[in-house]
Amino acid sequence: MKHTAEMSLFNSLFDAIPFGIYVADINTYEVIFVNKAFTSATKNLVGKKCYKAIYHEESPCHFCNIKQLMNDKNEINNQTVIHEKFNEVNDRWYQLQDKCIGWPDGRIAKYSIAVDITELKEVQNSLAEAHAELALKTKMLEVSAITDRLTQIYNRVKLEEVFDYEMSRSNRGESGFSIMILDIDKFKSVNDIYGHQVGDKVLIEFAKILKQNIRSSDTLGRWGGEEFMIISPAIEKDDAIKLAEKLRVKIDKYDFDTVGNKTASFGLATFTLGDTDDSLVERADKALYQAKNNGRNQVVSF
Amino acid sequence: MNQSLKVLVVDDSMITIKKLEKLLVDIGHEVIQRSKTGLEAITHYEECTPDLVTMDITMPDMDGIEATKRILAKDPDALIIMVTSHGQENMVMDAIDAGAKGYVLKPIRIEKLTDTIDKVITRYSK
């Protein structure tokens, strides 16, 4: 008798709440009660497993918080857990208020009050998506500020930043570095004979060959026009010359689309104590000038 | 944008996979593989080299942000968009930092999905 009276009290209380409520046995996950508001939104789920009936899962949901509502001795801890959950089945957002109670028939049950907050979440979500878009655009701007538009390698801004960094490291005696300035031989004639579009293609391919053949620690960028710079940290002079020679041979052997073979000249300078920004670049420039004067397609190191 | 893309769909919920697949096909793309965990996504990515990946965040064994990082470590040109219910700012930033190129929150609306994919292709496709 007591059981029935308590039961009808529960029913009337839960039915008075204008939000969907379902109650499930915490041991069997069986739905033992749903209020009127819940039934009006779904079919009657009593007797079915809550995970299957509400979330279409084959086993208890990984986000189920029954454990959080019980203490170590498997008794109700009187806590209420409030959380937001997107239900994949009906594509709606809910704020769920979960709590365990002793059901009149003696079972321990979890009840969940589900408030549909889909409209509110739509607004919040638009804000979050706008946030993501802003972060993506910022990232793109950061990249484009240091990228050469044509060749997609670094531009002079980035080269100067890396150069300054290596310069201060080397001046502190941490480790030396080398720079090489390289220039495509007789590039002007490519533009004159084949036009600027073909010239641009040669620059793009040229950058690609360099990129594929430098060390991962090297920085490659377009210094200007048909001139490129490679900054190689922590490298001995001999190894820098070897790297330049390797690049020279790769280019020499490469068959460029439309224009066929092209060569490049390399001016290399390795940091020595007392060097300034200007003195190092000046040495690399002079070395490049000499490489050109000596007949091109060669590496000169100062 | 009329380009048809080969898509890998990653989500631990079969319901979402089916919904996404239907939407993607409606837009004109093709779903070539489906993964239910982060680890599975990494293996599937290598096997099927899709044009685009839709990535859930909360999944068993490895979350979508970690899986995004690992896929991009192997293929820096991979195009991955997050499709998730997590809209918290730190989660959004973590995903973008990991290299995600788009962020779509559930419920997935076809306009939102189309717009995000178009943007990704216009901006990043090589």
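Residues numbered from 1 in each chain as written. Chains lettered and ligands numbered in written order. Predicted model: local features only at pLDDT ≥ 70, side-chain atom pairs only at ≥ 80, totals over all residues.

**Focus: the domain arrangement of chain A**
Taken as a whole, chain A is organised into domain 1 (2-118) and domain 2 (146-301). For domain 1 of chain A and domain 2 of chain A, the distance between their C-alpha centres works out to 68 Å. (Domains from an automatic or database assignment.)

**Observations concerning the interface of chain A and chain B**
A common way to report how large an interface is uses the accessible area buried once the components associate. Listed as interface residues are 16 residues of chain A and, on the opposing side, 16 residues of chain B. A total of 10 residues in the side of chain A that touches chain B trace back to one element, the largest contributor, which is helix α4 (residues 118-145) of chain A. Its residues assigned to classes, the side of chain A that touches chain B shows 7 nonpolar, 5 polar and 4 charged. (Contact = placed C-beta atoms within 7 Å. Helix = DSSP H or I, 4+ residues; strand = E, 2+ residues; numbered from the N terminus. Nonpolar A, V, L, I, M, F, W, Y, C, P; charged D, E, K, R; others polar.)

**With respect to the sheet that holds strand β2 (residues 30-35) of chain B**
Residue and element names in this part refer to chain B. Sheet architecture is open: 5 strands sit in the order β2-β1-β3-β4-β5, paired in parallel fashion. Edge positions in the sheet fall to β2 and β5 (102-105), since each has one partner strand and no second. Neighbour-to-neighbour, the strand axes of the sheet open up by a mean angle of 20°, direction not taken into account. Bridging between strand β4 (residues 80-84) and β5 involves 4 bridges; their strand directions are parallel. Across the sheet, Met82 pairs through a bridge with Tyr103, a residue of β5. In the packing of helix α2 (residues 38-48) onto the sheet, the strands contacted are β1 (6-10), β2 and β3 (52-55), and the crossing angle to β2 comes to about 145°. Its contacts with the sheet put helix α3 (residues 64-74) on β1, β3 and β4, and the angle it makes with β3 is roughly 160°. (Pairing = 2+ DSSP bridges. Axes fitted to C-alpha atoms, helices over the stretch in contact; angles between N-to-C directions.)

**Let's talk about the nonpolar core**
Grouped together as the largest cluster of nonpolar side chains are 40 residues, with contacts concentrated most on Met180, Met229, Phe266, Leu268 and Ala284 of chain A. No other element matches the 6 residues that strand β6 (residues 177-184) of chain A contributes to this core. For Met180 of chain A, the contacting residues outside a window of four places in its chain are Met229, Ile230, Ala244, Phe266, Gly267, Leu268 and Ala284 of chain A. In terms of nonpolar packing, the next biggest core, distinct from the first, is built from 37 residues, Ile17, Tyr45, Ile65 and Val120 of chain B among them. (Core = buried A, V, L, I, M, F, W, Y, C linked by C-beta atoms within 7 Å. Buried ≥ 20, exposed ≤ 12 C-beta atoms within 10 Å, placed from the backbone.)

**What to know about the pairing of strand β11 (residues 264-270) of chain A**
Residues and elements named next belong to chain A. With 7 of 7 residues buried, β11 is to be regarded as a mostly interior element. Neither face of β11 is exposed, since Ala264, Phe266, Leu268 and Thr270 on one face and Ser265, Gly267 and Ala269 on the opposite face are all buried. Here 7 bridges tie β6 to β11, and the two strands are oriented antiparallel to one another. Its bridge partner being in β11, Ile184 is matched across the sheet by Ala264. In terms of strand pairing, β11 meets strand β12 (residues 299-301) through 3 bridges, oriented parallel. The residue bridging Phe266 from the neighbouring strand is Val299, located in β12.

**Some points on the sheet that holds strand β4 (residues 92-102) of chain A**
All names here are of chain A. Strand order in the open sheet formed by 5 strands is β2-β1-β5-β4-β3, with antiparallel pairing between adjacent strands. Every interior strand has two partners, whereas the edge strands, β2 (31-34) and β3 (80-87), have only one. The mean inter-strand angle of the sheet, taken between neighbouring strand axes irrespective of direction, is 25°. Taken together, the 6 bridges between strand β1 (residues 20-25) and strand β5 (residues 108-116) define a ladder with antiparallel strand orientation. Note on β5: the bridge partner recorded for Gly20 is Ala114.

**Thoughts on the confidence of the model for chain B**
Averaged over all residues, the pLDDT of chain B equals 94, while 98% of them reach at least 70. In the model output, the complex is listed with pTM 0.78 alongside ipTM 0.90. (pLDDT = per-residue confidence, 0-100.)

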